[in-house]
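# A look at the structure
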Amino acid sequence: MRRTKRESQRTRRRILAAARKVFASQGVTRTTLEEIADAASVTRGAIYWHFADKNELFFAMREQVAVPMIDQIDLALRRSDGFDPLAGVERFLLGILEALESDATARQTFQIMGFKCEYVGEFERELALQRLRCSELIFKLTQAYGRAQRAGRLRIGLRPPMAAVETCSFLMGLTRLWLLDAKRSLVRRVARGLVSAHIAGHRRGAKDRNLRNL
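Residues numbered from 1 in each chain as written. Predicted model: local features only at pLDDT ≥ 70, side-chain atom pairs only at ≥ 80, totals over all residues. Heavy atoms only, no water.

### Considerations on a nonpolar patch on the surface
- A grouping of Phe 115, Leu 177, Leu 180 and Leu 186 is seen on the molecular surface, where their side chains present a nonpolar patch of about 370 Å² in accessible area.
- Tracing the sequence through the fold places Leu 186 in the loop between α8 (160-180) and α9 (191-200).
- A residue is classified by how much of its surface remains accessible, and Leu 186, at 52% relative accessible area, is exposed. (Patch = residues over 30% accessible without salt bridge, like charges linked within 9 Å, V, L, I, M, F, W, Y side chains within 5 Å. Areas by Shrake-Rupley, 256 points an atom, 1.4 Å probe, with all protein chains shown as cover. Salt bridge = Lys/Arg side-chain N within 4 Å of Asp/Glu carboxyl O. Helix = DSSP H or I, 4+ residues; strand = E, 2+ residues; numbered from the N terminus. Buried < 20%, exposed > 50% of the residue type's maximum accessible area, 1.4 Å probe, protein only.)

Structure, rendered in structure tokens:
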């Protein structure tokens, strides 16, 4: 029984890896379950054993990356131990860059979600889930910036909810540009510096600083 369960888990992972590869190559809409089955060297029946349809398969592929990302922000913010919450936010943003740089699964999944999927028809509900993820992120960032404000570290006049929305927008734009920048001519070379400058601009006294241009 244990062996059968392990084999089932391996098959599920192989299907997800094959789906990611085919989605990245030709887009989600144009991909059929038959093509994913061929890429995974399994039958369509094996796919239906694990996933009800292509939408559920896409969702599972995305959650492989989304859930660890959510856990990562919790870990990064907890490690700031309340002394410098802004350092935790910076650590989280740098962790996203690290994932894009070193984790091929995360990088490919972001590319599929950003450039290889049309969010219409059966996939339209995925937009609602993405909005929910953004809301969760903004909520956690608002809490972190609130702690920074109480610790006297947040820039005077900057409200935590506004800072959180700004950071969420910054992260979404940065990751999209990073993925587009395959030739390293836009932001990849300076991405870490951009993160540092973003956080520095949120710190108390930021208006008085002369931040060096990147």
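### Regarding α9
- Of all the residues in α9, the buried ones are Ala 191, Val 195, His 198, Ile 199 and Ala 200.
- Residues of α9 that are buried sit in contact with α5 (85-102), α7 (125-150) and α8. (Contact = heavy atoms within 4.5 Å.)

### Thoughts on the packing of aromatic side chains
- One pass over the full model with this rule turns up 2 aromatic pairs.
- Ring geometry for Phe 58 and Phe 123: centres 5.4 Å apart, planes at 80°, overall edge-to-face. Of this pair, Phe 58 sits in helix α4 (residues 54-78) while Phe 123 is found in the loop between α6 (104-115) and α7, placing the two residues 65 residues apart along the sequence.
- Taking the relative accessible area as the measure of exposure, Phe 123 reaches 3% and is therefore buried.
- Positioned above the aromatic ring of Phe 83 is the side chain of Arg 153, whose terminal nitrogen or guanidinium carbon lies 4.5 Å from the ring centre.
- The ring of Trp 178 carries the charged tip of Arg 188 above its face, separated from the ring centre by 3.6 Å. (Phe/Tyr/Trp six-rings, centres within 6.5 Å; stacked < 30°, edge-to-face > 60°. Lys NZ or Arg CZ within 6 Å of the ring centre and 35° of its normal.)

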